[in-house]
Amino acid sequence: MSITVSRTTARKQRPADAPTGRPAGRRGHRSWKGYLYALPALTVLTLFILIPLGQVVQISLYDWDGLSASTWAGAANYAEIIGDPLLRDGFVHSLVLLLFYAAVPVTLALVLAAATTRAARMRGVSVFRALLFLPQVIAQVVTATAWTAIYAPDGVLNQMLEAVGLKSVTRAWLGDFSTALPAVGLIGTWLEVGLCLVLFTAGIGQIPRELYEAAKVDGAGAVREFFAVTLPGLRGQITVALTLTVIAALRTFDLVYVSTHGGPGNSTSLPAYQIYNRAFNTGQVGSACAIAVALTLLILILTFLITRLQPDETEEGS
């Protein structure tokens, strides 16, 4: 009798998380099922991204024109990126475009999102947001063609400047060495503001209203309320917006190809354009692949740094 009681007591005192053979087997079974569910996506990722990426890395180590036999080049194609002023300037131009594609749109969208949210009851606010988002649904080739006409010597921009007495300022904006890159960058600003605005407007809607009410009780005005409540509450959306806009800036090709072809001179040359030009025009496929690998690494590094802004679960919970 005492033995039976002691065994019963031992069962009751056994910790709830004590390992047993059956649950462990079930957990292992579930983990294999999870891999099976992910297998189709992993297959597509491997076939269309990982394997082609590996081939690009392999080709970047050779001197190849795409047709004849290739010769081993080693790291020469990568050294050329640093040594060739044309390629080096292309990466510098991409970093300049980060200001127009990422910094300026995010800043403008934050201000517009805060303003339109406070004026949500005003008529026409939804139409205003839709118009700002409209560039996202237009093909970039169409956008580049339209803005090329706007920037033309006899385009709308110069006509407006002449109308207000600023004829001395007019110029061929895409044909001037000093204004070509900023002109392309302003197109990127116009493209990305709407996307950032939609993200921030949705994020403001998720911020608890109690925080705004508490800020008003403390006597906070619009500016203090923005920096104390809205901006901290949008850290996740800002991270997403910066990630998308930075990638868009670094992979810009359509705008430059249609509007400037990298000119005048080398003033708007970008890595994505040089990849196309070397692979299909000059027969330097190995060099093009090396530029592609370097551009991919740059995007990964910047994206990783941006994700450090993402709040963790503890911060979100608090």
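See the structure above.
First, a word on scope: everything that follows refers to the structure included in this document.

**Brief notes about empty space enclosed by the protein**
Alright, step 1. Under the criterion given, the structure shown has one cavity of 30 Å³ or more.
Alright, step 2. Of the pockets and cavities examined, the largest cavity occupies roughly 60 Å³.
Alright, step 3. Taken together, Tyr 101, Gln 140, Leu 191, Glu 192, Ala 248, Arg 251, Thr 252, Phe 253, Asp 254 and Leu 255 form the lining of the largest cavity.
Alright, step 4. Where the lining of the largest cavity is concerned, the elements lending two or more residues are helix H8 (180–206) and helix H12 (254–259).
Alright, step 5. The class makeup of the residues in the lining of the largest cavity is five nonpolar, two polar and three charged.

**Considering the packing of helix H9 (residues 209–217) against helix H10 (residues 222–233)**
Alright, step 1. For the pair H9 and H10, interaxial distance at closest approach is 10 Å and the crossing angle is 150 degrees. Regarding the angle of H9 to H10, the classification is roughly antiparallel. Pair H9 / H10 crosses with right-handed handedness. Where H9 abuts H10, its residues Leu 211, Tyr 212, Ala 215 and Lys 216 lie against Glu 225, Val 229 and Thr 230.
Alright, step 2. Class assignment of the residues belonging to the contact of H9 with H10 gives a composition of four nonpolar, one polar and two charged.

**A short note on the packing of H8 against helix H11 (residues 235–250)**
Alright, step 1. Put simply, H8 and H11 touch, their axes get as near as 9 Å, and they point 165 degrees apart. Taken together, the axis directions place H8 and H11 in an arrangement best described as roughly antiparallel. Crossing of H8 over H11 shows right-handed handedness. Between H8 and H11, the residues in contact are Glu 192, Leu 195, Cys 196, Leu 199, Phe 200, Gly 203 and Gln 206 and Gln 237, Ile 238, Val 240, Ala 241, Leu 244, Thr 245 and Ala 248, respectively.
Alright, step 2. A breakdown of the residues in the contact of H8 with H11 according to their chemical character gives nine nonpolar, four polar and one charged.

**Describing the nonpolar core**
Alright, step 1. Ranked by size, the top nonpolar core spans 50 residues in total, and within it Val 106, Leu 110, Tyr 151 and Phe 200 carry the most contacts.
Alright, step 2. Secondary-structure elements contributing two or more residues to this core are helix H4 (85–118), helix H6 (140–151), H8, H9, H10, H11, H12 and helix H14 (285–307).
Alright, step 3. The biggest single contributor to this core is H4, with eleven residues.
Alright, step 4. In this structure Tyr 151 touches Leu 157, Arg 171, Ala 172, Trp 173, Leu 174, Ala 183, Leu 186 and Ile 187, once residues within four positions along its chain are discounted.

Rules used in this analysis
Residues numbered from 1 in each chain as written. Predicted model: local features only at pLDDT ≥ 70, side-chain atom pairs only at ≥ 80, totals over all residues. Heavy atoms only, no water. 1 Å grid on protein atoms, 1.4 Å probe; cavity = no way out; pocket = protein on both sides within 12 Å on 5 of 7 lines; lining within 4 Å. Points joined across faces, edges and corners; volume = space filled by probe spheres on them. Helix = DSSP H or I, 4+ residues; strand = E, 2+ residues; numbered from the N terminus. Nonpolar A, V, L, I, M, F, W, Y, C, P; charged D, E, K, R; others polar. Axes fitted to C-alpha atoms, helices over the stretch in contact; angles between N-to-C directions. Parallel < 35°, antiparallel > 145°, perpendicular 65-115°, else oblique. Left-handed = near helix turned anticlockwise from the far one by under 90°. Contact = heavy atoms within 4.5 Å. Core = buried A, V, L, I, M, F, W, Y, C linked by side-chain atoms within 4.5 Å. Buried < 20%, exposed > 50% of the residue type's maximum accessible area, 1.4 Å probe, protein only.

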